[in-house]
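# Observations on the three-dimensional arrangement
As a plain string of letters, each chain reads:
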Amino acid sequence: MKWLSFILLLGMAVPALCDTPARKPDVLVVLVDQWSPRYLSWENPQVRTPHLDKIAAEGMVFDRCYTTSPVCMPARVSLLTGLYPHNGGHGIWGNALNYHAPADEATMFRDIKAAGYTTAQIGKTHWTSGPSVREAYPKIEDYHRALGLDYVFDVSGPVDSVTERNPYAEYLRKLGLLEKVAEEMHDRYVKWEFQPKPSLVPPEHYHDVFVSREAADFVGKQPADQPLCVVLSLHSPHPPLDAPGEYATMYEAGKLTLPSNVPETFRREMRTIGHPETREMLANYLGKISLADDCIGRVVEAFQKRGTWDRTLVCFTADHGEMMGAHGMLTKGRMYEESARVPLVVRLPGQVKPGHTKAPVQMFDVYPTIVEAIGGTLSPHRKATSLLPVAAGKKEKVRPLAISEIGTRAPLNMMATDGRWKWWVEEKGEFLFDLDADPLEMNNLAEDPAHLTTLNKMREDMLTHLRSTQTNFSEGYKSKVQRMREAEGKPAKVKKKAVEKLP
């Protein structure tokens with residue numbers, strides 16, 4: 001009888017267990033700054049990023065991901081809003097001096113929070129500049145709440161961190177390093193931010209290490225039964241080229257190989273830069289990349305200790321890239337691959353199929369990807385698109401084009417790519433490249449008569465994209481007659497006989 005009773009109880013318990021809803025995944029977004037996709041380990045074996053490599057091996061790598069704008073602020077506002085710079089509710093095509101992302105349109109964290117999540121961004125935000133946000137929100141915490149954020153640990157770039165009231169500035173002050181670091185940052189930016197020179201700050205006190213420790217501590221303090229979304233926003237590998245300690249010597253400059261689109265010499269700010277100097281810059285830049293990788297590893301370990309890593313959605317991306325000598329250029333703001341294309345990895349065990357795809361996608365697609373993965377509801381009028389169908393292997397692509405936009409004066413620069421063909425127009429002219437045959441963009445086909453048909457198609461595709469991605473607040477509108485008839489339970493169309501009886 002005891003065995004029979006046990007079997008009956010077990011039979012009742014099993015359905016109850018089966019009916020238990022699956023726990024929602026945690027979410028970790030890693031947003032880095034100015035990381036060229038040329039310097040990902042799967043594109044360049046010289047790069048050492050073991051923590052990121054493990055994430056990529058378990059996820060889908062998007063090899064044709066592009067920023068909505070190849071400069072910090074508009075790219076980050078696009079992620080926050082799910083909008084392009086040309087959309088109302090966004091509106092900036094470059095870094096601005098007096099702006100804040102409007103809370104009514106900056107819906108990413110609100111959509112995530114509405115799905116039952118604790119939300120946090122730790123590190124660089126760069127959604128605001130100047131007095132604009134303080135005029136609208138007397139307390140910055142009010143703005144963060146309006147965005148749907150439970151916790152914000154805002155640490156801007158190094159040069160700003162030592163001149164503003166900032167958690168990192170206070171940290172350096174306690175260490176007795178603030179004045180020296182502030183002076184060094186000033187000299188680097190005024191004289192030459194691309195001078196490769198180790199930081200005065202040792203690795204354990206370095207900017208991004210400080211941020212990643214805060215993120216790991218935050219994750220460790222959260223209840224394990226409450227789903228969590230953390231955006232870890234690192235400043236590296238953005239200049240200044242100040243990799244600290246052992247990271248400054250991790251890569252031997254003389255052994256680094258430069259892409260063939262880096263000219264033997266080029267001019268930059270009254271300097272002539274050759275391959276030896278470029279390799280020195282690259283060595284320090286790669287050191288900052290490896291440091292960022294270790295910071296990522298520290299936060300991954302926190303999720304592992306939390307016990308949720310096996311069901312954590314990870315999205316790794318960057319706001320934009322870095323030219324690093326390609327085509328004789330440094331920094332960002334260009335439409336070449338080194339600047340406009342960005343890394344993107346999406347990892348979610350059991351739902352995402354590991355591999356690579358050349359589907360054209362956008363960095364801001366991370367937002368609706370998260371919302372779909374956690375079972376949330378996307379705010380209306382968003383232009384970003386969930387990548388889960390591609391990441392799960394159910395679709396080859398979810399958008400026909402990826403585009404990028406930048407400009408502080410007319411004419412505004414615009415780029416489009418379908419994954420193979422890439423077209424853009426700027427003040428210097430028009431460009432067309434076949435990325436499959438010419439990944440380093442060495443052969444501009446825009447003036448080649450043999451490619452006129454492709455050129456015209458890309459122009460038309462961009463025009464169609466712009467026409468179809470305007471924010472349309474009249475979408476779904478029904479006439480008053482139709483609404484009144486539906487309210488009365490009558491059909492929307494009037495029958496012919498009824499019309500004939502009208503006076």
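The structure presented is a predicted model; accordingly, all values stated were derived computationally and were not measured.

Pairs can form between side chains of opposite charge once their charged atoms are near each other. As enumerated under the stated definition, the model contains 27 salt bridges in all. Salt-bridge contacts for Asp436 lead to Arg64; the nearest nitrogen and oxygen are separated by 3.6 Å. In this pair, Asp436 is assigned in the loop between strand S18 (429-434) and helix H15 (452-468) and Arg64 in the loop between strand S2 (60-62) and strand S3 (65-66), connecting sequence segments 372 residues apart. Residue Asp436 is classed as partly exposed on the basis of its relative accessible area, which comes to 45%.

The next thing to look at is the nonpolar core. Formed by 121 residues in total, the largest nonpolar core has its most connected members in Leu28, Trp35, Phe62, Leu286, Phe316 and Ile370. By residue number, the principal contributor to this core is helix H11 (residues 275-306), which donates 14 residues. Sequence-distant contacts of Leu28, that is, excluding residues within four places in its chain, are made with Val230, Leu232, Val299, Val300, Phe303, Trp309, Thr312, Leu313, Val314 and Cys315.

This brings us to the confidence of the model for the chain. Model confidence for the chain is summarised by a mean pLDDT of 91, while 92% of its residues fall at 70 or above. Throughout residues 494-503 the model reports pLDDT below 50, and contacts reaching past four residues in sequence, or to other chains, amount to 2 contacts.

The next thing to look at is the pairing of strand S15 (residues 402-406). Of all 5 residues in S15, 5 are buried, a share of seventy percent or more. Neither face of S15 is open: one carries Ala402, Ser404 and Ile406, the other Ile403 and Glu405, and all of them are buried. A loop of 6 residues connects S15 with strand S16 (residues 413-417), the two strands running antiparallel in sequence.

For the rest of this paragraph, the subject is the packing of helix H2 (residues 50-57) against H11. Interaxial distance between H2 and H11 falls to 7 Å at its minimum, and their mutual angle equals 60°. Overall, the two elements H2 and H11 adopt an arrangement that is oblique. For the pair H2 and H11, contact is made by Pro50, His51, Leu52 and Ile55 and by Asp293, Asp294, Ile296, Gly297 and Val300, respectively. Within the contact of H2 with H11, the residues separate by chemical class into 5 nonpolar, 2 polar and 2 charged.

Following the criterion strictly, the structure yields 2 cavities of 30 Å³ or more and no others. Reported here for the largest cavity is a volume of approximately 60 Å³. As for the largest cavity, its lining consists of 10 residues, of which Pro158, Tyr168, Val181, Met185 and Asp242 are closest to the centre. Of the residues assigned to the lining of the largest cavity, the class counts are 7 nonpolar, 2 polar and 1 charged. Quantified by volume, the second largest cavity comes out at close to 50 Å³.

With the exception of glycine, most residues fall at negative phi, and the peptide bonds are largely trans. Following Ser236, the chain continues to Pro237 via a peptide bond in cis, the omega torsion being 5°. Looking at the secondary structure, you find Pro237 in strand S8 (residues 228-237). Between Pro239 and Pro240 the backbone carries a cis peptide bond, its omega angle lying at 15°. Relative to the helices and strands, Pro240 resides in the loop between S8 and strand S9 (265-268). In this structure, Met324 is a non-glycine residue whose phi angle is positive, near 45°. By the element assignment, Met324 lies in the loop between strand S11 (312-318) and helix H12 (337-340). Since its relative accessible area comes to 1%, Met324 is described here as buried. Even without being glycine, His327 reaches a positive phi, approximately 55°. Assignment of secondary structure puts His327 in the loop between S11 and H12.

Each strand in a sheet pairs with another by means of backbone hydrogen bonds, the pair being arranged parallel or else antiparallel. Strand order in the open sheet formed by 4 strands is S15-S16-S17-S18, and the pairing between neighbours is antiparallel. In this open sheet, the two strands that pair with only one neighbour each are S15 and S18. Strand-to-strand twist in this sheet, taken as the mean axis angle between neighbours without regard to direction, amounts to 10°. Two strands pair when backbone bridges link them, and strand S17 (residues 421-426) and S18 are joined in this way by 6 bridges, in the antiparallel orientation. Pairing of Trp424 across the sheet is with Phe431, part of S18.

With that settled, the discussion passes to the environment of Gln304. Looking at where Gln304 falls in the secondary structure, it is placed in helix H11. By relative accessible area, Gln304 is classed as partly exposed at 45%. Remark: the alpha-carbon pair of Gln304 and Gly220, spanning 84 residues in sequence, is separated by 9.7 Å.

Scanning all chains against the criterion turns up 0 disulfides. Cys295 forms no disulfide, and the closest cysteine sulfur to it belongs to Cys72, at a distance of 18 Å. Classification of Cys295 by relative accessible area gives buried; the value is 1%.

One open sheet holds the 8 strands; their spatial order is S7-S5-S8-S1-S11-S12-S2-S13, and the pairing between them is mixed. Every other strand in the sheet has two partners, leaving strand S7 (151-154) and strand S13 (355-357) as the edge strands with one partner each. Sheet twist, expressed as the mean angle between neighbouring strand axes with direction ignored, is 15°. Set on the sheet, helix H3 (residues 72-81) makes contact with strand S1 (26-33) and S8; between it and S1 the angle comes to about 165°.

What follows deals with the pairing of strand S5 (residues 118-123). In terms of burial, S5 is a largely internal element, 6 of the 6 residues being buried. Pairing of S5 with S8, which is carried by 6 bridges, proceeds in the parallel orientation. Along S8, the bridge assignment pairs Thr119 with Cys229. Here S5 runs beside S7; their pairing, made up of 4 bridges, is parallel. Paired with Ala120 across the bridge in S7 is Tyr151.

Glancing now at H2. For H2, the complete set of buried residues consists of Leu52, Ile55 and Ala56. Relative to the axis of H2, the buried residues are bounded by an arc of 100° and lie together on one face. Of the residues in H2, the exposed ones pointing more than 90 degrees away from the buried face are Lys54 and Ala57.

Calculation rules
- Here the residue numbering is sequential within each chain, running from 1 through the sequence in written order.
- Only residues with pLDDT of at least 70 get local features here, since the model is predicted, and only at 80 or more are side-chain atom pairs given and counted; chain-wide, interface and lining totals rely on the full set of residues.
- Hydrogens and waters are ignored; side-chain quantities use all the structure's heavy atoms.
- Each salt bridge in this description consists of a side-chain nitrogen of Lys or Arg and a carboxyl oxygen of Asp or Glu lying within 4 Å of one another.
- Helix and strand assignments come from DSSP, with helices taken as H or I runs of at least 4 residues and strands as E runs of at least 2, each series counted from the N terminus.
- The classification of residues rests on relative accessible area computed with a 1.4 Å probe and restricted to protein chains. Under 20% of the type maximum is buried, over 50% is exposed, and intermediate values are partly exposed.
- We define a nonpolar core as any set of buried Ala, Val, Leu, Ile, Met, Phe, Trp, Tyr and Cys residues linked to one another through side-chain atoms lying within 4.5 Å.
- Any two residues whose heavy atoms approach within 4.5 Å at even a single point are treated as in contact.
- Per-residue confidence from the prediction method is given by pLDDT, with values spanning 0 to 100.
- One requirement defines pairing of two strands: DSSP has to find at least two bridges between them.
- Only the contacting stretch of a helix is used when fitting its axis, a line to C-alpha atoms as for every element, and angles between N-to-C directions run 0 to 180 degrees.
- An angle below 35 degrees is treated as roughly parallel, one above 145 as roughly antiparallel, one from 65 to 115 as roughly perpendicular, and anything else as oblique.
- Just so you know the grouping, Ala, Val, Leu, Ile, Met, Phe, Trp, Tyr, Cys and Pro go in nonpolar, Asp, Glu, Lys and Arg go in charged, and all remaining residues, Gly too, go in polar.
- A cavity, in this analysis, means grid points on a 1 Å lattice covering only the protein atoms where a 1.4 Å probe fits yet has no way out; a pocket is instead an open set bounded by protein on both sides within 12 Å along at least five of seven lines, and a residue lines either one if it has an atom within 4 Å of a point.
- Grid points are joined across faces, edges and corners, and a volume is the space filled by probe spheres set on the points.
- Disulfide assignment relies on a single distance test, namely cysteine sulfur atoms paired within 2.5 Å.
- To be clear, the arc concerns the directions from the helix axis to the C-beta atoms.

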